[in-house]
Amino acid sequence: MSEHVVSRKIYFIIFGALLVLTAATVWVATFDLGAWNAVVALSIAVLKGTLVVLYFMHVRYSSKLTWVFVAAGFFWLAILLAFTFSDYATRGWVGIAK
Amino acid sequence: MAESHTTHQVGLAHHFDNMEQQREAGTLGMWAFLITEIMFFGGLFLAYILYRTKFPGSFAAASSHLDWKLGAFNTAVLIFSSLTMALAVYYSQTGDRAKLIGFLVLTIVLGFAFLVVKAIEYHDKYVTHHIPGPFFGFRWEEQAGDPKQVEMFYYIYFAMTGVHALHMVIGIGIMTVLVWMARRGRFTPEYHSPVEISGLYWHFVDIVWIFLFPLLYLLGAHIHPH
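Residues numbered from 1 in each chain as written. Chains lettered and ligands numbered in written order. Predicted model: local features only at pLDDT ≥ 70, side-chain atom pairs only at ≥ 80, totals over all residues.

**Q** With reference to specific residues and values, describe the overall build of chain B.
**A** Tallying secondary structure elements over chain B gives seven helices and zero strands in all. Counting helices and strands in the order they occur from the N terminus, chain B gives α-α-α-α-α-α-α. Based on the C-alpha atoms only, the size of chain B along its principal axes is roughly 75 × 30 × 30 Å. Across the 226 residues of chain B, 41% fall into the buried class. (Helix = DSSP H or I, 4+ residues; strand = E, 2+ residues; numbered from the N terminus. Buried ≥ 20, exposed ≤ 12 C-beta atoms within 10 Å, placed from the backbone.)

Rendered as structure tokens:
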């Protein structure tokens, strides 16, 4: 019943991975990939954020209820982004409002 | 469940059945708060993405005037502070009070280091008139980019990094209270929820910066590889 104590080794591994990914995002940004620059940068950021949430914030070792809480939060953010972008992306399709 | 009421447990509030339930409630409460924070910063990120899509050239030109080296350094500082915070939580779980206090203090020091670098950057933007408002002046002749659109980038830059820096200041305040509580021996391997949930807050602020760094600093990196 007691809480899960994450080993220090895991913390050091995650720390190293975050630094490597930071170097990677800087390196990739020096290339002109057009629209893919944003995609790559955001993908690396999402990966880094996921590592922090799962290991530093212990969600990987937390209860199912905590999982649902966290997932609901990011799902709501996804709704905010998806609906707004679908609006902006399709405004030119009909000649009503600009 | 009833036995925990009969034996007094240090740190157990009377409305919880046991320490496990109390800890779970605290974690969920903190996550509920962090979800409101996700939505709060999410709105700012949304504004950033919409304007960046609308003014890609000006945003890249404006971004190239930020020093990505300082941004990368601050990213490393915050990631390091997340490690020291995680270790502080670890030593609160194992009951090593000296190391708990040591890593909390180290986290505070790293938080200040971040803010000092941020202050240097803000000062540079002040000197070069990149702060939006009546004194905004961007040297367009050397850059592509519409002045108004570049100013919009800096509006978003200062709003997002300013609110983030405010969270850092609050985080440092929370860590200071934790050091004070730890010195008074308030935390045990059974009860250390304040350290745990304050850690959640600190890591969240780190995550926000993990997204801010590439979005704000690296847009123009392939234009100005300095």
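**Q** Go over the packing of helix α2 (residues 19–54) of chain B against helix α6 (residues 147–183) of chain B with me, naming the residues and quoting the values.
**A** All names here are of chain B. Running from N to C, α2 and α6 point in directions that differ by 160 degrees, and their axes come no closer than 11 Å. Here α2 is positioned roughly antiparallel relative to α6, judged by the angle of their axes. Seen from above, α2 lies across α6 with left-handed handedness. Touching L44, A47, Y48 and Y51 of α2 are M152, I156, A159 and M160, all from α6. Grouping the constituent residues of the contact of α2 with α6 by class yields eight nonpolar, no polar and no charged. (Axes fitted to C-alpha atoms, helices over the stretch in contact; angles between N-to-C directions. Parallel < 35°, antiparallel > 145°, perpendicular 65-115°, else oblique. Left-handed = near helix turned anticlockwise from the far one by under 90°. Contact = placed C-beta atoms within 7 Å. Nonpolar A, V, L, I, M, F, W, Y, C, P; charged D, E, K, R; others polar.)

**Q** Quick one: what's the story with the environment of R23 of chain B, residue by residue and with numbers?
**A** With respect to the helices and strands, the residue R23 of chain B is situated in helix α2. Note: C-alpha distance between R23 of chain B and Y191 of chain B (168 residues apart in sequence) is 8.5 Å. Those residues in contact with R23 of chain B that lie beyond four places of it in its chain are E3 of chain A together with S193 of chain B.

**Q** Report on the packing of helix α1 (residues 8–29) of chain A against helix α4 (residues 68–94) of chain B, specifying residues and quantitative values.
**A** One way to put it is that α1 of chain A packs onto α4 of chain B with a least axis distance of 10 Å and a crossing angle of 170 degrees. Classified by the interaxial angle, the pair formed by α1 of chain A and α4 of chain B is roughly antiparallel. Taken together, the residues of α4 of chain B that come into contact with α1 of chain A (itself represented by R8, Y11, F15, L18, L19, T22 and V26 of chain A) are W68, A72, T75, A76, I79, L83, A86, L87 and Y90 of chain B. The residue makeup of the contact of α1 of chain A with α4 of chain B, split by class, is 13 nonpolar, two polar and one charged.

Interpretation note: all reported values are geometric properties and have no functional meaning in isolation.
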